[in-house]
Amino acid sequence: MSTPTLIPMKIDFVSDVSCPWCVIGLKSLEDALGRVAGEVQAELHFQPFELNPQMPAEGQDIGEHLAEKYGSTPEQSLRNREMIRARGQDVGFTFSMDKRSRIYNTFDAHRLLHWAAEEGEGRQRALKEALFKAYFTDGESPGSHEVLARLAGEVGLDMARAKAILASDEYADAVREREQFYLQQGIHAVPAVIINDKHLISGGQPAEVFEQALRQIAAGG
């Protein structure tokens, strides 16, 4: 009995490490990829997007930020946070809303992710997931060089090299180039999941939505 041929698929996951819906979208996508594992060979790339590129290094109080950016009242913010927490629970991720009190600048996190992609299969994904957990579950700052270097070491990357990158502006131009590319492609909200450079799925969709899209694309639809 012959082994079925796996259909190769390139998936660009455009997201920010401070975006809760990006966590939900990634977990749902991973679930969907598990369901089509016998049919699809996916190559997952994480692409940078900054929700708050002008955010200073020290960050901003999350309630203040949401009120300024979206005009959210405290009641609306509370409802949204509860919805995110519940969706996270559904996909097996813990949002510790009481620990996440600030929004931070994420540019340096994206520089490390860009480097991680060059360091071997699985490294970038491991760092991305570690960043999500550090911020949303543990309440740590994804803008802190100390936190970033430690997480790099925890996922098997060279911590000394990570520190050297963070102390320089290495990969800054590359990250900005990728950010501009996706903005020019019309991506202004994340997560944005782009399959084979042409099929776009927006938002933190349920696994069923991703699964259906993956099967349709695999079938040439």
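Overview of the pattern of salt bridges
Inference 1: Per the counting criterion, the structure on display carries 15 salt bridges.
Inference 2: Its salt-bridge partner being Arg35, residue Glu211 comes within 2.9 Å of it at the nearest N-O pair. In this pair, Glu211 is assigned in helix H9 (residues 207-218) and Arg35 in helix H1 (residues 20-35), connecting sequence segments 176 residues apart.
Inference 3: The salt bridge involving Arg150 is made with Glu154; its shortest N-O contact spans 3.0 Å. Of the two residues, Arg150 and Glu154 are both situated in helix H6 (residues 145-154); the distance of four residues between them amounts to about one turn of the helix.
Inference 4: Accessibility expressed as a relative area gives 30% for Arg150, which makes it partly exposed.

Side note on the state of the cysteines
Inference 1: In the structure shown here, the tally under the stated rule is one disulfide.
Inference 2: The disulfide partner of Cys19 is Cys22, and the S-S distance across this bridge is 2.5 Å. On the sign convention where negative means left-handed, the S-S torsion of about 85° between Cys19 and Cys22 marks this disulfide as right-handed.

Overview of unusual backbone geometry
Inference 1: For the peptide bond that leads from Val190 to Pro191, omega is 5°, which places it in the cis range.
Inference 2: Along the chain, Pro191 turns up in the loop between helix H8 (172-184) and strand E5 (192-195).
Inference 3: Despite not being glycine, Asp197 has its phi angle at roughly 65°, a positive value.
Inference 4: Residue position: Asp197 is located in the loop between E5 and strand E6 (199-202).
Inference 5: Judged by relative accessible area, which is 54%, Asp197 ranks as exposed.

Comments concerning the packing of H6 against helix H7 (residues 159-167)
Inference 1: Packing of H6 against H7 leaves a shortest axis separation of 8 Å and a crossing angle of 150°. Where H6 crosses over H7, the two elements pack in a sense that is right-handed. For the pair H6 and H7, contact is made by His145, Leu148, Ala149, Arg150, Ala152 and Gly153 and by Met159, Ala162, Lys163 and Leu166, respectively.
Inference 2: Class assignment of the residues belonging to the contact of H6 with H7 gives a composition of six nonpolar, two polar and two charged.

Here's the deal with the packing of aromatic side chains
Centre-to-centre distance and the angle between the planes together describe a pair of aromatic rings.
Inference 1: This model, assessed by the stated rule, comprises seven aromatic pairs.
Inference 2: On the numbers, 5.3 Å between centres and 75° between planes, the contact of Phe95 with Phe136 is edge-to-face. With Phe95 in the loop between helix H3 (74-90) and strand E4 (102-103) and Phe136 in helix H5 (residues 123-137), the pair connects residues that are 41 residues apart, well separated along the chain. Across this residue pair, the class does not change: Phe95 and Phe136 are buried.
Inference 3: Aromatic rings pair up to connect Phe93, Phe95, Tyr104, Phe132, Tyr135 and Phe136 into one cluster.
Inference 4: Above the ring of Phe181, the side-chain terminus of Arg178 is found at 4.9 Å from the ring centroid.

Examining the sheet that holds strand E2 (residues 40-48)
Inference 1: The strand order across the open sheet built from four strands is E2-E1-E5-E6, with neighbouring strands paired in mixed fashion. One side of each edge strand has no neighbouring strand; the edge strands of this open sheet are E2 and E6. Sheet twist, expressed as the average angle between the axes of neighbouring strands with direction ignored, equals 20°.
Inference 2: Two strands pair when backbone bridges link them, and E5 and E6 are joined in this way by four bridges, in the antiparallel orientation.

Topic: H9
Inference 1: In a regular helix each residue adds 1.5 Å, so twelve residues correspond to 16 Å; H9 covers 16 Å between its end C-alpha atoms and thus fits that length.
Inference 2: Residues of H9 that are buried include every one of Ala207, Phe210, Glu211, Ala213, Leu214, Ile217 and Ala218, and no others. Relative to the axis of H9, the buried residues are bounded by an arc of 165° and lie together on one face.
Inference 3: The inward-facing, buried residues of H9 abut strand E1 (7-15), H1, E2, E5 and E6.
Inference 4: Backbone geometry just after H9 places Gly220 at a positive phi near 85°.

Reading the values: rules and limits
Residues numbered from 1 in each chain as written. Predicted model: local features only at pLDDT ≥ 70, side-chain atom pairs only at ≥ 80, totals over all residues. Heavy atoms only, no water. Salt bridge = Lys/Arg side-chain N within 4 Å of Asp/Glu carboxyl O. Helix = DSSP H or I, 4+ residues; strand = E, 2+ residues; numbered from the N terminus. Buried < 20%, exposed > 50% of the residue type's maximum accessible area, 1.4 Å probe, protein only. Disulfide = S-S within 2.5 Å. Axes fitted to C-alpha atoms, helices over the stretch in contact; angles between N-to-C directions. Left-handed = near helix turned anticlockwise from the far one by under 90°. Contact = heavy atoms within 4.5 Å. Nonpolar A, V, L, I, M, F, W, Y, C, P; charged D, E, K, R; others polar. Phe/Tyr/Trp six-rings, centres within 6.5 Å; stacked < 30°, edge-to-face > 60°. Lys NZ or Arg CZ within 6 Å of the ring centre and 35° of its normal. Pairing = 2+ DSSP bridges. Expected span 1.5 Å × (residues − 1). Arc of directions from axis to C-beta.

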